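Each chain is listed here by its residues.
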Amino acid sequence: MDKLIWLIPVLPLAGFVINGLGRNSLSKGIIGALGSLLVLVAFGLSVAAFFQIKSTGAPINFNLFDWIAVGNFKIQFSFLVDQLSSIMLLIITGVGFLIHLYSIGYMHDDAGFGKFFAYLNLFVFFMLLLVMGSNYVIMFIGWEGVGLCSYLLIGFWYTNPSYADAAKKAFIMNRIGDLGFLLGIFLLVNTFGSVAYADIFPKAPAAVAAGAPVVLITLLLFVGAVGKSAQLPLFTWLPDAMAGPTPVSALIHAATMVTAGIYMIARSNILFTLAPDTMEVIAVVGLATAFFAALIALTQTDIKKVLAYSTVSQLGYMFLGLGVGAYTGSFFHVLTHAFFKALLFLGAGSVIHAMSGEQDMRKMGGLKGKIKVTFITMLVGTIAIAGIPPFSGFFSKDEILAAAFAHSTTFYVVGVITAGLTSFYMFRMMYLTFWGKFRGTHEQEHHLHESPANMTIPLIVLAILSAIGGMIGVPAVMGGHHELAAFLAPVFEPSLKLLGEHELSHNTEWILMGGSVGIALIAMVYAYTKYVSKASVPVSDEEERPALSNLSYHKFYIDELYDMIIRKPLDALSTFFYRVVEQLGIDGFVNGLGKGTIETSKGLRLLQTGNVGFYIFMMVVGIIAILVYSLIKIGA
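A brief structural summary. Every value quoted in this text rests on a predicted model; they were computed, and no experiment measured them.

Cut-off values and rules
- Residues numbered from 1 in each chain as written.
- Predicted model: local features only at pLDDT ≥ 70, side-chain atom pairs only at ≥ 80, totals over all residues.
- Heavy atoms only, no water.
- Salt bridge = Lys/Arg side-chain N within 4 Å of Asp/Glu carboxyl O.
- Helix = DSSP H or I, 4+ residues; strand = E, 2+ residues; numbered from the N terminus.
- Buried < 20%, exposed > 50% of the residue type's maximum accessible area, 1.4 Å probe, protein only.
- Pairing = 2+ DSSP bridges.
- Phe/Tyr/Trp six-rings, centres within 6.5 Å; stacked < 30°, edge-to-face > 60°.
- Lys NZ or Arg CZ within 6 Å of the ring centre and 35° of its normal.
- Axes fitted to C-alpha atoms, helices over the stretch in contact; angles between N-to-C directions.
- Parallel < 35°, antiparallel > 145°, perpendicular 65-115°, else oblique.
- Left-handed = near helix turned anticlockwise from the far one by under 90°.
- Contact = heavy atoms within 4.5 Å.
- Nonpolar A, V, L, I, M, F, W, Y, C, P; charged D, E, K, R; others polar.
- Core = buried A, V, L, I, M, F, W, Y, C linked by side-chain atoms within 4.5 Å.
- Polar contact = N/O pair within 3.5 Å; in protein donor to acceptor, adjacent residues only side chain to side chain.
- Expected span 1.5 Å × (residues − 1).

Oppositely charged side chains can form a pair if their charged atoms are brought close together. This model, assessed by the stated rule, comprises 13 salt bridges. With a closest N to O distance of 3.5 Å, Glu 144 and Arg 175 form a salt bridge. Of the two residues, Glu 144 sits in helix H5 (residues 136–154) while Arg 175 sits in helix H6 (residues 161–192), which places them 31 residues apart along the sequence. The salt bridge partner of Arg 362 is Asp 541, with a shortest N-O separation of 3.3 Å. Highlighted residues: Arg 362 in the loop between helix H15 (327–354) and helix H16 (372–385) and Asp 541 in the loop between helix H22 (506–533) and helix H23 (547–553), separated in sequence by 179 residues. In this structure Asp 541 comes out as partly exposed when scored by relative accessible area, which is 45%. Bridged by salt links that share partners, the residues Asp 360, Arg 362, Asp 541 and Arg 545 form one connected network.

Below, the structure is given as structure tokens:
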């Protein structure tokens with residue numbers, strides 16, 4: 001694999017070029033098959049790379065060429081595939097392939113089918129570049145590339161103004177975080193004289209001891225992660241990104257792009273471990289995001305919006321894990337979240353497909369007998385995200401909560417409450433969608449049918465992974481061996497040595513697990529009582545809600561707050577600069593010069609009468625004026 005590793009990102013790039021150029025000439029069958037097959041081959045190569053690293057323990061390094069060389073400063077365009085990036089490759093290409101396959105059926109009737117697959121392939125290329133780069137500059141190229149593809153895919157149906165606005169919002173808010181990331185890279189260059197991981201990480205402890213500004217560097221890198229991974233306060237772009245087609249939501253906002261920030265911090269773990277103040281900030285921001293987004297998800301009625309805020313909340317869990325030093329637990333949750341959240345988004349797409357485009361859960365109900373495969377697979381995903389054993393989400397979430405408890409009891413309590421909220425709003429979504437009586441139109445009811453095989457097969461595969469994926473991280477207290485922790489040990493070992501061991505007793509672990517599972521089950525039963533037994537349905541937008549419910553439903557008016565304190569003042573300032581500085585000042589001066597020249601020329605033109613006598617008269621006047629000037633000068 002050492003010689004073939006470059007093919008992994010190049011294959012999706014080839015798909016982008018071929019499908020992009022042939023989008024109007026190739027058939028949909030060829031475009032869908034080609035776009036999916038190239039990602040599948042990349043997945044096969046990723047599997048081979050994974051097993052090579054697992055057997056040898058040695059990372060794969062591949063240098064394509066020396067890109068920049070200025071004096072002693074060099075940047076190589078090179079790839080590094082180690083334990084951490086090899087798992088990311090499996091997620092990106094594996095889940096990516098399933099989403100490509102799903103898209104063949106979901107987007108079949110769309111006029112932009114070829115363009116859509118070209119964008120998907122390009123996104124996969126940039127995401128692979130992000131995780132395979134051996135230095136921060138290559139990571140940043142992939143980082144910006146996925147931001148571009150996010151803009152293109154969110155605004156894919158750009159003829160709808162609100163969808164186009166959502167794409168612009170995502171692009172602009174990501175730029176805020178990207179500026180922090182870029183400044184962090186500049187500081188790394190200034191401090192270490194390099195951007196390569198192999199140069200920076202081994203020197204980090206000595207550099208910090210010598211006074212390197214590691215806290216500032218890590219805070220700036222974290223700002224980049226906040227933007228890309230939708231944390232407070234830069235999280236509002238992700239729910240709006242649901243404007244894109246459902247496969248986009250699954251690919252970008254569940255499995256890959258939004259986890260880029262977690263990957264970047266996990267990759268830079270030694271830097272963050274050496275900056276405990278930054279880690280505390282990460283834990284607090286992550287926990288606050290997890291709790292706040294869960295509160296908003298409680299009352300949403302759009303099935304994709306529920307999953308969007310769920311994604312923000314789960315990303316907050318991952319940052320909590322990073323902040324308390326549970327690097328393996330956080331990355332474990334990245335893996336399991338990729339399975340169950342991609343499943344839930346694709347399942348939501350199948351529901352929307354069956355409902356003729358309807359996304360409002362108030363107009364659904366009673367679907368479990370109509371679309372059985374979608375129902376069963378989404379139920380598996382819901383149980384997994386709720387953290388109920390033995391499904392995957394239980395193991396990864398439990399590991400983060402245990403680490404949070406070892407760090408701070410408060411962190412654990414808030415984390416468990418958030419887990420209860422997660423269970424409630426996810427089962428609320430399931431009960432409103434699949435239980436009770438059908439609340440849609442007669443035409444929708446007549447149209448109800450299960451999705452085609454190319455949409456249901458990815459659901460089944462992801463449901464199996466959601467059910468058994470946690471088995472790679474069974475804790476010792478349950479008689480297991482944490483395979484993932486053992487595999488990732490070389491990546492996190494320097495940090496774990498500095499952090500030390502925080503082993504909990506088996507009794508404590510059982511109590512912690514029992515607490516989180518108990519709250520999840522109580523929330524599930526409460527949701528059943530309210531939405532199935534009592535058949536409660538959320539009120540329409542015209543009806544009044546209780547004050548707290550109204551705050552949650554309107555997302556605590558965060559967008560309106562940003563409009564008031566950021567957008568409107570900037571609009572007013574830009575209007576002032578346009579009307580006063582631009583129009584009256586700069587334009588007034590430039591246009592004044594032009595108008596003055598024109599008016600002066602108009603006056604002088606009147607002197608050109610064509611009368612010879614007048615010209616002789618003017619000559620005499622000129623001669624007299626010269627004589628008078630000369631006499632005055634002599635007299636002076």
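This part covers the pairing of strand E2 (residues 73–81). Both strand E1 (residues 60–70) and E2 contribute to a ladder of 9 bridges, which runs antiparallel. Note that in E2 the partner of Asn 63 across the bridge is Ser 78. In this structure, the hairpin formed by E1 and E2 is closed by a connection of 2 residues, where Gly 71 is found at a positive phi of approximately 65 degrees.

Okay, unusual backbone geometry next. Cis geometry is found at the peptide bond from Leu 232 to Pro 233, where omega equals 5 degrees. Locating Pro 233 in the fold gives a position in the loop between helix H8 (214–228) and helix H9 (237–240). Pro 389 connects to Pro 390 through a cis peptide bond whose omega is 5 degrees. Its identity is not glycine, yet Ala 230 carries a phi of approximately 55 degrees, on the positive side. By the element assignment, Ala 230 lies in the loop between H8 and H9.

Counted under the stated rule, the structure contains 34 aromatic pairs. Taken together, a centroid distance of 5.3 Å and an interplanar angle of 55 degrees make the contact between Phe 375 and Phe 434 tilted. Here Phe 375 is found in helix H16, whereas its partner Phe 434 is found in helix H18 (residues 409–434), with 59 residues between them in sequence. Classification of Phe 434 by relative accessible area gives buried; the value is 1%. Pairing Phe 405 with Tyr 412 gives two aromatic rings, centres 5.4 Å apart and planes at 85 degrees, and the pair type is edge-to-face. Feature note: the residues Phe 113, Phe 116, Phe 117, Tyr 119, Phe 156, Trp 157 and Tyr 163 constitute an aromatic cluster, connected by ring pairs. The ring of Phe 156 carries the charged tip of Lys 115 above its face, separated from the ring centre by 5.3 Å. Positioned above the aromatic ring of Tyr 553, the side-chain terminus of Arg 545 is 3.6 Å from the ring centre.

Before going further, it helps to spend a moment on the packing of H15 against helix H20 (residues 453–468). Look at H15 against H20: their axes get within 9 Å of each other, and the N-to-C directions meet at 150 degrees. The orientation of H15 relative to H20 falls into the category roughly antiparallel. Relative to H20, the crossing made by H15 is left-handed. Here Phe 339, Phe 340, Ala 342, Leu 343, Leu 346, Gly 347, Ser 350 and His 353 of H15 come into contact with H20, specifically with Met 455, Pro 458, Leu 459, Leu 462, Ala 463, Leu 465 and Ser 466. Looking at the contact of H15 with H20 residue by residue, the class counts come to 11 nonpolar, 4 polar and no charged.

What follows deals with the nonpolar core. As a rule of thumb, nonpolar side chains are buried together in soluble globular proteins. One finds Ile 5, Tyr 136 and Met 429 to be the most contacted residues of the largest nonpolar core, which totals 190 residues. Ignoring any residue separated from it by four or fewer positions in sequence, one finds Ile 5 in contact with Ala 49, Ile 60, Phe 62, Phe 79, Val 81 and Met 132. In terms of nonpolar packing, the next biggest core, distinct from the first, is built from 18 residues, Tyr 317, Ile 400, Val 416 and Leu 504 among them.

Looking now at the side chain of Gln 444. Secondary-structure assignment places Gln 444 in helix H19 (residues 442–447). Residue classification places Gln 444 among the buried residues on the basis of a relative accessible area of 12%. Side-chain polar atoms of Gln 444 contact the backbone nitrogen of Thr 441, separated by 3.0 Å. Residue contacts for Gln 444: discarding those within four places in its chain leaves Ala 354, Met 355, Glu 358, Lys 363 and Phe 438.

Okay, the packing of helix H3 (residues 83–106) against H20 next. Packing of H3 against H20 leaves a shortest axis separation of 7 Å and a crossing angle of 155 degrees. The orientation of H3 with respect to H20, classified from their angle, is roughly antiparallel. As for the relative orientation of H3 and H20, their crossing is left-handed in sense. Along its contact with H3, which presents Val 95, Leu 98, Leu 101, Tyr 102, Ile 104, Gly 105 and Tyr 106, the element H20 presents Asn 454, Met 455, Pro 458, Val 461 and Leu 462.

Between its first and last C-alpha, helix H2 (residues 28–56) extends 42 Å over 29 residues, near the 42 Å set by a 1.5 Å rise per residue. Of all the residues in H2, the buried ones are Ile 31, Gly 32, Gly 35, Ser 36, Leu 38, Val 39, Ala 42, Leu 45, Ser 46, Ala 49, Phe 50 and Ile 53. Turning to H2, the residues buried within the fold contact helix H1 (7–21), E1, E2, H3, helix H4 (113–132) and helix H21 (483–499). Directly after H2, the chain includes Gly 57, whose backbone phi takes a positive value near 80 degrees.

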